[in-house]
Amino acid sequence: RGLDRNSRQPIHYLWNYYGSRVAFMFAWTGFYCKALTALLIPALVCLAIMIGTWAVDYEVDLALTILQLSFSAVIIVWARWSVNTWHQERNYFIKTWGLEGIPRARPQYKGALVPS
């Protein structure tokens, strides 16, 4: 069948069956994996530049320092973007599932809540 490139998760089905806690766990894991793939292109570019400087025997120390600083800036921007995007996605699920102002408990649970 080949690789399935569909990146959509059945989060709403997970929420219906397992509740919001498990659904949020899967939503976060899926989001984080997608966000990490955004770093793939800058990382490959940095790797190519690093290999190129070693092959040409250019001033390796200066090139690596500049490369590390620039990739650090990319990671800082990526981190801010990913946090903002996750908050938007989390707020979407909270509003969609009607969890605003509700304590974190499984609404479908039937029975007495006792400490474990």
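Data block above holds the structure.
Residues numbered from 1 in each chain as written. Predicted model: local features only at pLDDT ≥ 70, side-chain atom pairs only at ≥ 80, totals over all residues. Heavy atoms only, no water.

Right, let's talk about the overall build of the protein for a bit. A tally of helices and strands in the protein yields four helices and zero strands. Helices (α) and strands (β) of the protein occur, in sequence order from the N terminus, as α-α-α-α. When the 116 residues of the protein are sorted by exposure, 21% land in the buried category. Across the protein, contacts joining residues at least 24 apart in sequence account for 70% of those joining residues at least 6 apart. Split by element, the accessible area of the protein, about 9600 Å² in all, is 64% carbon and sulfur. (Helix = DSSP H or I, 4+ residues; strand = E, 2+ residues; numbered from the N terminus. Buried < 20%, exposed > 50% of the residue type's maximum accessible area, 1.4 Å probe, protein only. Contact = heavy atoms within 4.5 Å. Areas by Shrake-Rupley, 256 points an atom, 1.4 Å probe, with all protein chains shown as cover.)

Moving on, we get to the packing of helix α3 (residues 40-56) against helix α4 (residues 60-96). One can describe the packing of α3 onto α4 by two numbers: an axis separation of 10 Å at closest approach and a directional angle of 175°. Accordingly, the angle class assigned to the pair α3 and α4 is roughly antiparallel. Of the residues in α4, those in contact with P42, A43, C46, I49, M50, T53 and W54 of α3 are V60, A63, L64, L67, F71 and V74. The class makeup of the residues in the contact of α3 with α4 is 12 nonpolar, one polar and no charged. (Axes fitted to C-alpha atoms, helices over the stretch in contact; angles between N-to-C directions. Parallel < 35°, antiparallel > 145°, perpendicular 65-115°, else oblique. Nonpolar A, V, L, I, M, F, W, Y, C, P; charged D, E, K, R; others polar.)

Attention now goes to helix α2 (residues 20-37). Here α2 is 18 residues long and its end C-alpha atoms lie 26 Å apart, about the 26 Å a rise of 1.5 Å per residue gives. Among all positions of α2, only S20, A23, F24, A27, G30, F31 and A35 are buried. One face of α2 carries all of its buried residues, which in axial projection span an arc of 135°. In this structure, α2 carries R21 and T37 as exposed residues pointing more than 90 degrees from its buried face. Contacts from the buried residues of α2 go to α1 (11-18) and α4. (Expected span 1.5 Å × (residues − 1). Arc of directions from axis to C-beta.)

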